[in-house]
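Single-letter residue listing:
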Amino acid sequence: MVVPSSIGGSRVLLRKLREIMGTDEEAQVRLDRLVAMVASTMVADVCSIYLTRGAVHELFATQGLAPGAVHRTRLKEGEGLVGLVAETKQPLNIADAQHHERFAYRPETGEEPFNSFLGVPIVRSERVFGVLVVQNRVQRVYGEEEVEALQTIAMVLAEMVASGAFGDLSGLADVEARASRPESMQGRAFSDGIAIGTVVLHEPHAPLGRVIADDPVKEETRLDDALAQVRGALNDMLEGDPGRISGVSRDVLETFIMLASDPSWEQKLKHGVRAGLSADAAVERVRGEHRAKFNATRDQYLRERLHDFEDLDNRLLRALAGVDAGARTLPEDAILVARELGPAELLDYGERLKGVALEEGANTAHAAIVARALGIPMVGSLSRLLSRVEDGDPLVLDGESGEVRLRPEPQVITSYQERLSLRTARAAEFARLRHIPPVTQDGERMTLLLNAGLALDVHHLDDTGAEGIGLFRTEFQFMVSETLPRLESQTLLYRDVLEAAGSRPVTFRTLDLGSDKVLPYVAAEREENPALGWRAVRIGLDRPGLLRYQLRALIGAAAGRRLRVMFPLVTTVAEFDAARALLDREVAWKRDRGGKLPTLIEVGVMVEAPALAWSIPDLKGRADFISIGTNDLMQYFFAADRGNQRVSERYDILSAPALRFLKRIRDDADAAGLQVSICGEAAGRPLEAIAFAALGFRRLSMPASGIGPVKRLILSMDAREAATAMARMLRSDGPTIRPELTEFARIRGYAL
Ligand code: PEP
Ligand code: MG
């Protein structure tokens, strides 16, 4: 086996490949010629192509195995060495195949004499189309260059299959050249709404047909230019105005630049073009390797590095294609599909998107916040999404249930269109309720407030008729910024928000960072239990500089107006006192300088830590109000991570223990003369709102989408009657009272 151990050899191979693929012979004939050519060029005793039909890998062509096995030998998903290659999407290179634990013996192939085995996946954009195999009698491990040569052929094959280069694929009718069947996937809903549209892949893909280069010298120049462009842009970012560092920290950038100068990366890319691949295809191939390794490793450090490399590969592809992510033209009904998305990236696309579907979900919180603010439906945690879709595929995304339909049947589209118009009708109904005060049937006046976090959110006040902002999450500005927002930009944002709110009160919560809210430009120490770690007011008290700055910005922005401030995740009364002392100091500082102060300052605290929930009487005279953050309070109450899908929905806030706990907090707050509200996501759900109203809560702060449904519910319910029913349900010993409460509401005709 000598030929492909040189660049020239690979080039010969690619040229022959192009000749075969360029003819208009039948697909089967071309595949037969292909295996014969590869076997002879690579001096292999066997070359076979397995293509994946549904859940089986079928032998489609072979040189060296028994011809009768073609279309007869079928390996189930994961079966045999071929199944292993398809499963791992990695090459398998072994000297003694027959003794491998995954070897599956198929007598019809007559493969007994062959010992060494090299299989590579025929893969494109993470979709496995099949496996290309060479085998030899002698026991040997194939050289790195041989592996690469075979991978190159597999890649070309994948592109050919995907682009329909096999004509009408008559012989291959069942092979999924391009995923075409409708598929349904269940993810997690991150931003409400329904989108019916067309897939736009966030990460570019080398254009089809540009796999084999006409002129390798020209390709190398293209590659050099693109490399220089990417490196230049990264250096500019680092050396230029720090404000231009886009969403990535200096550390990350420096690592990037280091990686971008990694000679082995460049070597690999060059190797590809010198072997006859187009520059784009060479990058694609390397990206495929990075991805496969990424998927295979669990080591966090390695994963991060491989992810960085993949990012670099993407930048190179964009440079080669001459496209800039922000300036891309998008179809009118674009649904963005990505593995993961940063908040700044999403803002780049902005309102041009109809929806967003993400493969991952762990760190999507920031992008989800932006998506909600922009009113773009978003679904995440869609496993293997990228390997199932192509640019231009029709897609329906349900940001309410988390369901995603790929290439949906016409009736599915129709049914979603109906749901969409129903939602529009409901929205119109809610709009009519906008100016009606939320008063229960028995005359209890409720106050419905908005949770917000970006200037973009404030217009929801008018849209929904909310009476103010009950929770303004100030950390969002920090999370979507490229660098730490300065005093002026903080002041500006708070002033804008207060101005837009007019006479409606706004409760600003000071920075709630840490745990799931990390800043791209602040290197965070890894913690074993971030939710129980150094976060929120704990950071603020240990590093008072940041918190004092923020308080200064708030005081400045509210000059001549009312200011409401509250502190997140306070655990002890002493922490509250310390935080309040910082505020008092800032007020004194301003007063001493003759600055204009707010007309009224109200200070509150989030009740999120159970310890504080048991300290409410001690807050008397110290705080003006409390706001119960049920998202965190319930995570600590149930000892169940709110971000961990496995447990986050395991326990129910609508259960007697949780509701008794909330009632206790409300009673204590009443006794201490503290205004009390609930501001977790639960406040925006009608059934939960019945429970809260029944427990005596009158102020609820919620996401914009909750105001309409909750107001409609309030208008239909009777608070006294619900309180009586609730008193009974509080004695329940079951894990949830949800069914009971639903039934009660249904019988009483409440608008759920
Ligand atoms: C909460 O914990 O309920 C809350 C409102 O705060 P956040 O969701 O921002 O942690
Ligand atoms: Mg919280």
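Cut-offs applied
Residues numbered from 1 in each chain as written. Chains lettered and ligands numbered in written order. Predicted model: local features only at pLDDT ≥ 70, side-chain atom pairs only at ≥ 80, totals over all residues. Heavy atoms only, no water. Pairing = 2+ DSSP bridges. Helix = DSSP H or I, 4+ residues; strand = E, 2+ residues; numbered from the N terminus. Axes fitted to C-alpha atoms, helices over the stretch in contact; angles between N-to-C directions. Contact = heavy atoms within 4.5 Å. Parallel < 35°, antiparallel > 145°, perpendicular 65-115°, else oblique. Left-handed = near helix turned anticlockwise from the far one by under 90°. Nonpolar A, V, L, I, M, F, W, Y, C, P; charged D, E, K, R; others polar. Donors = N, O, S within 2.8 Å, 3.2 Å for Na, K, Ca; no water. Buried < 20%, exposed > 50% of the residue type's maximum accessible area, 1.4 Å probe, protein only. pLDDT = per-residue confidence, 0-100. Near = heavy atom within 4 Å. Polar contact = N/O pair within 3.5 Å; in protein donor to acceptor, adjacent residues only side chain to side chain. Domains from an automatic or database assignment.

Q: Sorry if this is basic, but what is going on with the sheet that holds strand β3 (residues 74-76) here?
A: Strands pair in a sheet through their backbones, by hydrogen bonds, and they do so in one of two ways: parallel or antiparallel. Here we have six strands laid out as an open sheet, ordered β3-β2-β1-β6-β5-β4, and antiparallel in their pairing. In this open sheet, the two edge strands, each paired with only one partner strand, are β3 and β4 (92-94). The average undirected angle you get between the axes of adjacent strands in this sheet is 20°. The strands touched by helix α2 (residues 27-41) are β1 (46-53), β2 (56-63) and β6 (127-136); relative to β2, the strand with the most contacts, the crossing angle is about 65°. Its contacts with the sheet put helix α3 (residues 80-88) on β1, β2, β3, β4, β5 (116-124) and β6, and the angle it makes with β5 is roughly 40°.

Q: I tried to follow the packing of helix α15 (residues 487-501) against helix α17 (residues 544-557) on my own but got confused; where do I start?
A: Two numbers describe a pair of packed helices, the interaxial angle and the distance between the axes. In contact at an axis separation of 8 Å, α15 and α17 are set at 40° when each is read in the N-to-C sense. On the basis of the axis angle, α15 is oblique to α17. Of the two possible hands of crossing, α15 and α17 adopt the one that is right-handed. In this structure, α15 contributes L487, Q490, T491, Y494, R495 and L498 to the contact, and α17 contributes Y549, Q550, R552, A553, L554, G556 and A557. For the contact of α15 with α17, the per-class residue count stands at seven nonpolar, four polar and two charged.

Q: Could you clarify how one ought to interpret the coordination of the magnesium ion (ligand 2) in this entry?
A: By definition of the ideal shapes, four donors in a tetrahedron about a metal sit 109.5 degrees apart, and six donors in an octahedron sit 90 or 180 degrees apart. Around the magnesium ion (ligand 2), the protein supplies E608 (OE) and D632 (OD) as donor atoms, at distances of 2.0 Å. Taken together, the residues E608 in the loop between β19 (600-607) and α19 (610-613) and D632 in helix α20 (residues 630-637) connect sequence positions 24 residues apart. Judged by its relative accessible area of 2%, E608 falls in the buried class. According to the relative accessible area criterion, D632 is buried, its value standing at 1%.

Q: I keep staring at the confidence of the model for the protein chain and nothing clicks. Help me out?
A: On average, residues of the protein chain score 87 in pLDDT, and 90% of them reach the 70 mark or higher. Counting interchain partners and residues more than four positions distant, the pLDDT-below-50 stretch residues 1-5 has 18 contacts. Segment residues 241-249: pLDDT under 50, and 18 contacts once partners within four positions in sequence are set aside and those in other chains are kept.

Q: Help me understand the site of ligand 1 in this model?
A: Around ligand 1, the structure places 14 residues, and the nearest of them are R473, R509, K517, N631 and R642. Contacts to ligand 1 include N631, whose backbone N or O atom sits 2.7 Å from an oxygen atom. One nitrogen or oxygen atom from the side chain of R642 is found 2.8 Å from an oxygen atom belonging to ligand 1. Among the elements that line the shell around ligand 1, the one with the most residues is α20, at three residues. Two domains each donate at least three residues to the shell around ligand 1, and these are domain 3 (447-605) and domain 4 (608-614 + 623-752).

Q: I keep staring at the pairing of β2 and nothing clicks. Help me out?
A: Strand residues, when the strand is regular, have side chains that alternate between the two faces of the sheet. Judged by how many residues are buried, β2 sits mostly within the fold: six of eight residues are covered. Alignment of β1 against β2, held across seven bridges, turns out to be antiparallel. When the sheet's bridge partners are listed, T52 is paired in β2 with H57. The antiparallel hairpin formed by β1 and β2 contains two residues in its connecting segment, where G54 sits at a positive phi of about 55°.

Q: Would you mind going over the side chain of R53 with me for this structure?
A: Considering the arrangement of structural elements, one finds R53 in strand β1. Accessibility expressed as a relative area gives 16% for R53, which makes it buried.

Q: I would appreciate a short explanation of the environment of T41 in the present structure.
A: Assignment of secondary structure puts T41 in helix α2. According to the relative accessible area criterion, T41 is buried, its value standing at 4%. Put simply, T41 and K16 are 25 residues apart on the chain and 9.5 Å apart in space, counted from C-alpha to C-alpha.

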